[in-house]
Amino acid sequence: MDAVGRYSVPRWWAGPLDVEGLALQSVEAAAEALNLYTRTPGRYSTTPVLTAAAFDSFGHLRIAGRKPQGFAPLSGFRKTADGWIRLHANYPHHEQRLMQALGATSTEGVERELQSMAALEAEAAIQRHGGIAAAVRTRGEWLSTAMGHAAGSGPWVAVEHADGTTSGFGLRDVGAATDAGTSPGTVSGTGVGDGADGLPLAGVRVLDLTRVIAGPVATRLLAALGADVLRIDPPAFPEIEDQFVDTAFGKRSAVLDLGHAANRQNFQQLLAVADAVVTGYRHGALDRFGLNPRELLAAHPGLVVVTLDSWGGSGPWNGLRGFDSIVQAASGIAHLYGQEDDDDGWRPGALPVQALDHATGYGVAAAAVRLLAARRRTGLGGAAHLSLARTAEELFSLTGTEGKAGIENQAGIENQTTTASPAELPSPEYRSVDSSFGELRYVGPPLLDAGRPLDYQSPPPAYGSSPPAWP
């Protein structure tokens, strides 16, 4: 049995942490939310093959026959005077801030400057300039920091209901009643039928203000379930094209500058008839546009709001930018996955997939669907919040390495590579579709609907090709 005691989790990724359990149970959280929403226990489920493929959707994707581009050259691990640091510079503006912070003009210059600095010194300098980096910490070092302590507080999914009450759930609660104490079999109210196309979220309007992986994965799943998802991006910072292609299946894409008053008025019109809003920027970044969850609920009591960020709403890093790889470096994951290297002696490592992103994304989808189910009963919306850092704590918890025990058991964890030889899963089912980007080879969503695999309703649209309006 796994740490939750619900089923035996096969191991198909090498490494000391239970990434398989995190993947399966986060997808199952979304499946159970849908079973609650449709009042059909067992209708939605998942399998290891579907889940593993979906968590590596970017790796399986082919765009007109080519592999999508991964991390930019400046992103990744770099040596410092006393250890290692992880950089993230996939976006041009993040690369510029990183260069400015270090007074460098090239990758070689960045490496030279970092080798003259302590890891924590470099981390602080880059963060001060709005760049994105984290020193590679051991698990014990992370837990001893104020941010590490804050990251582990509260539930994985923290929920604030429109009536002011709060609740939440974690991966250990998957399989239990988590919708304000109501089990799927005792939901009151009228029955719920699927839309005309047989999809449970047909007719649900979702405003998608997310980027990169976690948020777009959540809204990609909502779109596959029939929701009308309108993704909105700022014109000054366009999304990386290959990343957009991977996560924009079934959506519409618009560009809107909320810095202009007229555009904010247009956005308010979108909000007035939206059912849900999902945001994925750093904590508090959208507050200046009136997109704080409490303000949104005050103006639109029936709205469902789900937010996600890297570091959570408390702690000294709560307003900083971050990404999956950066959270891995800070929280001790990169250190646990480190290996001996011929050139460096030892170098940090990473999870086999962007598991914090994907697991958080399926948690976001689960939260949105549960709040939609609760709204059907009460007429009121609610807000939920997740963070990549909190998902990292769920991963450690599943592996039995949380809290004080994580420090005490760290040596044993570091000496592990896997509990057994990882099993080789069958190859996923590849699908293909024509798009404005060329022919796409892709894998579908990680859910079965009554035993049948889901698919996306349409290929990714051209970026920014839709007006910021509901049809």
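Every chain is numbered on its own, with residues counted from 1 as its sequence reads. Local features in this predicted model are restricted to residues of pLDDT 70 or higher, and side-chain atom pairs are both shown and tallied only at a pLDDT of 80 or more, whereas totals for entire chains, interfaces and linings draw on every residue. Only hydrogens and water are removed before side-chain values are computed, so all heavy atoms of the structure are retained for them.

Visitor: Would you take a moment to explain the packing of helix H15 (residues 355–378) against helix H16 (residues 388–398) for this structure?
Guide: For any two helices packed against each other, the geometry is given by the interaxial angle and the distance between the axes. Simply put, an axis is a line fit to the C-alpha atoms, just over the touching stretch for a helix, and the angle between two N-to-C directions goes from 0 to 180 degrees. Secondary structure elements are taken from DSSP: a helix is a run of H or I of four residues or more, a strand is a run of E of two residues or more, and numbering for both begins at the N terminus. For the pair H15 and H16, interaxial distance at closest approach is 9 Å and the crossing angle is 100°. Relative to H16, H15 is oriented roughly perpendicular. Contacts between H15 and H16 pair Leu356, Asp357, Ala359 and Thr360 from the former with Leu388, Thr391, Ala392 and Leu395 from the latter. Should an angle fall under 35 degrees it is taken as roughly parallel, and over 145 as roughly antiparallel, whereas 65 to 115 is taken as roughly perpendicular and any remaining angle as oblique. A contact between two residues is defined here by any heavy atoms of the two lying within 4.5 Å.

Visitor: Sorry if this is basic, but what is going on with H16 here?
Guide: The periodicity of an α-helix, 3.6 residues per turn, causes residues three or four positions apart to be oriented the same way. Throughout, exposure labels follow a simple rule: accessible area from a 1.4 Å probe, protein chains only, divided by the maximum for the residue type, with under 20% read as buried, over 50% as exposed, and the rest as partly exposed. Of all eleven residues making up H16, eleven are buried, and the element is well covered by its neighbours. Along H16, the positions that sit buried rather than exposed are Leu388, Ala389, Arg390, Thr391, Ala392, Glu393, Glu394, Leu395, Phe396, Ser397 and Leu398.

Visitor: Which parts of the structure should I look at to understand the side chain of threonine 307?
Guide: Tracing the backbone shows threonine 307 in strand E12 (residues 304–309). A distance of 2.7 Å separates the side chain of threonine 307 from the side chain of histidine 385, its partner in a polar contact. Non-local contacts of threonine 307, meaning those with residues more than four positions away in its chain, are made with Thr279, Pro293, Ala384, His385 and Leu386. Identification of polar contacts relies on pairs of N or O atoms within 3.5 Å, with a donor-acceptor requirement for protein atoms, meaning one able to donate a hydrogen and the other able to accept it, and with residues adjacent in sequence counted only if both atoms are side-chain atoms.

Visitor: I'm lost on helix H2 (residues 48–55) in this one. Help?
Guide: Among the eight residues in H2, six count as buried, and that is most of the element. Among all positions in H2, only Leu50, Thr51, Ala52, Ala53, Ala54 and Phe55 are buried. Of the surrounding secondary structure, the elements contacted by the buried residues of H2 are helix H1 (19–38), helix H3 (57–60), helix H9 (214–224), H15 and strand E18 (448–449).

Visitor: Could you clarify how one ought to interpret the sheet that holds strand E15 (residues 382–387) in this entry?
Guide: Hydrogen bonds between backbone groups are what pair the strands of a sheet, and the pairing can be parallel or antiparallel. Pairing in this open sheet of eight strands is mixed, and the strands run E7-E6-E15-E12-E11-E8-E9-E10 from one edge to the other. Either end of the sheet is taken by a strand with one partner, and the two such strands are strand E7 (166–169) and strand E10 (252–255). On average, each strand axis in the sheet is tilted by 20° relative to the strand beside it, whichever way the strands run. Pairing between E12 and E15: six bridges, direction parallel. Considered in E15, the bridge of leucine 308 is made with leucine 386. Criterion used throughout: strands pair if DSSP finds at least two bridges between them.

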